[in-house]
Structures are given as C-alpha cells and as structure tokens.
Protein chains: 2
Amino acid sequence: MRLVVATCQVDYAGRLSAHLPMATRVLMIKADGSVLVHSDGGSYKPLNWMSPPCTLREGLTEDGRTEWVVTSKTDDTLRITIEEIHHESAHDLGVDPGLQKDGVEKHLQELLADHPATLSDGLTLVRREFPTAIGPVDLMCRDAEGLSVAVEIKRRGDIDGVEQLTRYLELLNRDPLLTGKGTVRGIFAAQEIKPQARVLAEDRGIACAVVDYDALRGLDDPTERLF
Amino acid sequence: MRLVVATCQVDYAGRLSAHLPMATRVLMIKADGSVLVHSDGGSYKPLNWMSPPCTLREGLTEDGRTEWVVTSKTDDTLRITIEEIHHESAHDLGVDPGLQKDGVEKHLQELLADHPATLSDGLTLVRREFPTAIGPVDLMCRDAEGLSVAVEIKRRGDIDGVEQLTRYLELLNRDPLLTGKGTVRGIFAAQEIKPQARVLAEDRGIACAVVDYDALRGLDDPTERLF
DNA sequence: CATTCGATGTCGTCT
DNA sequence: AGACGACGTCGAATG
C-alpha cells in the first residue's frame, strides 16, 4: 500500500469519460495495482479510481511532469498527471482477515421464517426460498384457512419489490395445486416501506407488513448471534 | 485529511452490525470527520466506514489502548480500537474543484432525441421527458402512420426498465388524445439488453432497440463534446 | 463463465 | 427533507 498526497490532474476514459482539474488529493495505490483518488470530502467513494486487475505505469509527460497511467484489461484508462508530491509513504499491511456481518436481508428472512405469525395471525411456514420459474419466493406460507400466502422480504420496501411479488403472484395463481382452495395472497414485508410502494401494493391487493428487526431478534435465542 | 496506518480492530453498529478482527489497515479521516477503513485489497469500497455528518471522539479503553468512536446523527457507531500506530500524517487539501462527466444516460437521451429514426424507420420526436402522472416518458414520438410511440431509454436494459415502460404504456393507452389513431406502442432502447428483459418486453409487444452510443455520437456534431 | 440480486449501496435531481 | 432513478454501480451467490 502506497499513500501519496499530491497536486494532480486526473482523466478517466472507460464506460464514460471523466476529468478532475489540477488540485491536491490523496492517492492510494493498493498492492494489486488498483488506484483510488480521494478528496477531503464526499463519502467513501473516491473521486476517481481504477479497479483491479490493472497495471500502473509511471512515466513523464512531454513537459517533464510525472504521469501515472493505470490501465485495465478492458482498456479503461486512468491518467494522473502530477505537479507536486507533498507526501509519500509505503506500508506492508498483509492480507486482511475480512469482515463479519450480521443483520442483512438474509437474517431478516431467517427470523421471519422462524416467526411467520408476526406477519399475519395464524400464518405458518411452508418453505423458504420456494422455487418458481422466475425465481424463488422468499417465504411460502399457509394461513389459518389453509390458503397459500407468498411473502416478499426487503430491508427497504421499494416499488421494485412490489413488482417482483406481483410477478410471483401472477405465476403462482396459475398453479392449480396452490389455488385449489382459493387465490394466493401476497404479503410485502420490509423494515421500512416507501409510500409509493405501499400505494402500489395495496392497489394490487397485496398486504404490507413493517418488520421490527430488533423485536424479532428478541424473540430468537440471543445465543445465536454471530458476535 | 489525516492518514493513519495502524493495527486495529473495528466494530460497526448501525443498520447492521459488522466486525473486523485486529489487523493492520489504513485509516483515512476526512476534514468532515468521516472515516474510511481500507485494507490492501478489495476495490474502492472500504472494509468499513462512517459517512458524514459524524463526529470522532478519541479515548482510551479500560486496558489503556487508544480507541476512536465515530458516531452519526442516527446513532450509527464505528468503534476503532488501536493497538499500534505505524504511520500518521495530516494534510491540508482544500476544497476539490469536482468531477466533470460525459457519456451517461442523459447524453444517450439527447442523442436519440436528435436521431429518433435510428430506433425505428420514420420515427419523429414529439417531446423529450413527456410528462405523465407517474413520471416522465423519456421520448414521446410519432411513427410514419402518425401513431404515438413511447420510448424508454436505459444504458443497461434490465427487467425494471420494461416494467417502467409497461406502466407508462398502460397509462398512456387510457388517454383518448394519444390513442385516437390507435394503440400507443413502446420501444425499449438500451446500449445492452438483458435476455430476460428482452423476453419480457417482446411478450408484452414492446420492441427492443440496441443503441450504439459511439455511432450515434458520430452522427452528431463532434464540437458539442464536453472536453 | 454468465446472470441475478442485495447493498450500511452512493449520488444526482426534482418535488 | 423525502422520493426516485442511475451508477464506471460493486460483490456474492448461484446455475
């Protein structure tokens, strides 16, 4: 890992073209040759970058300034013209042991699979990741009357999720095995449901369920936590 | 901008929980207090981070190690426990002049608005960003027979785009002013169309058009380029 | 290898 | 401020 603070100009050509005028920035060069150009603001996304695999060539411009040219296999090019280097250091970091995560959609699905009745009274699980021709339904359940209920789970309930569940329901309702006792209902479950998504869902007869992750986790054995 | 290379452990609690075991990493602290934790691999995304607005407090753990606690307004917390600092430096970068881009969907839309006939013979533009109750149609056109044609433009033609155009067509076909001469057709235009999207579109009677950005740009005045 | 789908997505733009 | 769509989306899981 090389860290360089330099006054530089950056040009990228690839899927799009982008240009950064001359200014002072931080350049991070990782062991795999990838390069990140960071300013002192914004979020974690660099102003410009080159993803690995790529190669960095150091050279000189016609007027004698240092120039880095980073190229990827797909001919994307990042050209960094350096006017002045203010700081430079190199460090051996070794391989990172990596990140452990807990609390993403998969966990939400696991929790709801264990406690389907929190979505609707009397609901029981038939199967998780119920397969259909156009992809798996998150939860397939049965209600107190024995009717099939398809549940789509999102962390954030957007219009896309409603469309997805609609496609599933359309398909499922053509299956006589499922519709024997009546129409397959849908439940759209998310930690947060956007107003437009709610309107669209309810317009299509799909119920919305806002899920409390922490409360659900409380119902579960606390020793099962990752860390 | 502060750059620190340190052996550290990182814990994040917010929308999810995440944990990084003790290892040597680069910590980037931006002027706005945001923090990025980078390893010597991966892509431009940090292993962990805190986005602004946030505040960093430096303290000591019970066993006397340095600890940084970064908290956001929404109570997200990033806790960095430092075992050893290998390098530290601070730099004044100033405000970055910012990025100029060229070649995104907006340009594609402009180019197709200038050359609608490349989508379908005899097509002429009625209006860009044609307003409807559920959002603007990218291009509203008329074909040689005087029938209305709605065009949805994407860089990458995904199933979502077909759904979007379908919603527009549903609405537009309820408007007697547009349907006077016949049904409003749809054209789904993209630089690349995914197989599933193509199948769905054609099943719904929506034509697909693969767009060659470079060729279109060639039709245009080359002096209009940004840089 | 291609495709699909989630993401602490992030980022612009518009209401 | 909230909603919405694009992104050089990235990245993991899966067929």
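Residues numbered from 1 in each chain as written. Chains lettered and ligands numbered in written order. Predicted model: local features only at pLDDT ≥ 70, side-chain atom pairs only at ≥ 80, totals over all residues. Heavy atoms only, no water.

Naming follows an unreviewed UniProt entry, where chain A appears as Endonuclease NucS of Nocardioides baekrokdamisoli. Turning to chain A, the UniProt annotation filed under Sequence similarities (unreviewed entry) states: "Belongs to the NucS endonuclease family." (UniProt positions renumbered as here; feature names shortened; annotations may be inferred.)

Draft legend 1. Here's a closer look at the protein's contact with DNA strand D. Close contacts around DNA strand D come from 18 residues, with A:Arg15, A:Asn48, A:Gln196, B:Ser43 and B:Arg155 the closest. Within the backbone of A:Trp49, an N or O atom sits 2.4 Å from a base nitrogen of DNA strand D. Elements that contribute at least two residues to the surface near DNA strand D include exactly strand E4 (48-50) and helix H4 (195-203) of chain A together with strand E11 (148-157) of chain B. Across the surface near DNA strand D, the residue classes tally to seven nonpolar, four polar and seven charged. (Near = heavy atom within 4 Å. Polar contact = N/O pair within 3.5 Å; in protein donor to acceptor, adjacent residues only side chain to side chain. Helix = DSSP H or I, 4+ residues; strand = E, 2+ residues; numbered from the N terminus. Nonpolar A, V, L, I, M, F, W, Y, C, P; charged D, E, K, R; others polar.)

Draft legend 2. Molecular detail of the state of the cysteines. Considering all chains together, one arrives at zero disulfides over all chains under this definition. A disulfide-free cysteine, A:Cys8 has its sulfur positioned 16 Å from the sulfur of A:Cys54, the nearest such atom. (Disulfide = S-S within 2.5 Å.)

Draft legend 3. Summary view of the pairing of strand E1 (residues 2-13) of chain B. Residue and element names in this part refer to chain B. Here eleven bridges tie E1 to strand E2 (residues 17-29), and the two strands are oriented antiparallel to one another. From the neighbouring strand, Ala 6 faces E2, where its bridge partner is Arg 25. Counting the residues that bridge the hairpin from E1 to E2 gives three residues. Pairing analysis gives twelve bridges linking E1 to strand E7 (residues 77-90), with the strands arranged antiparallel. The residue of E7 that forms the bridge with Val 10 is Ile 80. (Pairing = 2+ DSSP bridges.)

Draft legend 4. Expanded view of the sheet that holds strand E10 (residues 137-142) of chain B. Residues and elements named next belong to chain B. Read across the open sheet, the five strands follow the order E9-E10-E11-E12-E13; overall the sheet is mixed. Only two strands of the sheet have a single neighbouring strand rather than two, namely strand E9 (124-130) and strand E13 (207-210). Pairs of neighbouring strands in the sheet enclose a mean axial angle of 30°, with direction left out of account. In the sheet, E11 pairs with strand E12 (residues 185-193) via eight bridges, with the strands oriented parallel. Paired with Glu 152 across the bridge in E12 is Phe 188. Together, E9, E10, E11 and E12 form the strand contacts of helix H2 (residues 159-172), whose direction differs from that of E11 by roughly 165°. (Axes fitted to C-alpha atoms, helices over the stretch in contact; angles between N-to-C directions. Contact = heavy atoms within 4.5 Å.)

Draft legend 5. Quick peek at the environment of B:Asp40. With respect to the helices, strands and loops of the structure, B:Asp40 is situated in the loop between strand E3 (35-38) and strand E4 (48-50). A residue is classified by how much of its surface remains accessible, and B:Asp40, at 14% relative accessible area, is buried. The spacing of B:Asp40 and B:Arg25 is 15 residues in sequence and 7.5 Å in space, taken between C-alpha atoms. Discounting chain neighbours no more than four positions away, the residues touching B:Asp40 are A:Met1, A:Lys30, A:Ala31, A:His91, A:Leu93 and A:Gly94. Here the side chain of B:Asp40 touches A:Met1 through a polar contact of 3.0 Å, landing on its backbone nitrogen. Polar side-chain contacts of B:Asp40 include one of 2.5 Å to the backbone nitrogen of A:Ala31. (Buried < 20%, exposed > 50% of the residue type's maximum accessible area, 1.4 Å probe, protein only.)

Draft legend 6. Representation of helix H1 (residues 105-114) of chain A in the model. Of the residues making up H1(A), those classed as buried are A:His107, A:Leu108, A:Gln109, A:Leu111, A:Leu112 and A:Ala113. Packing partners of the buried residues in H1(A) comprise strand E8 (100-102), strand E9 (124-130), strand E10 (137-142), strand E11 (148-157), strand E12 (185-193) and helix H5 (213-219) of chain A.

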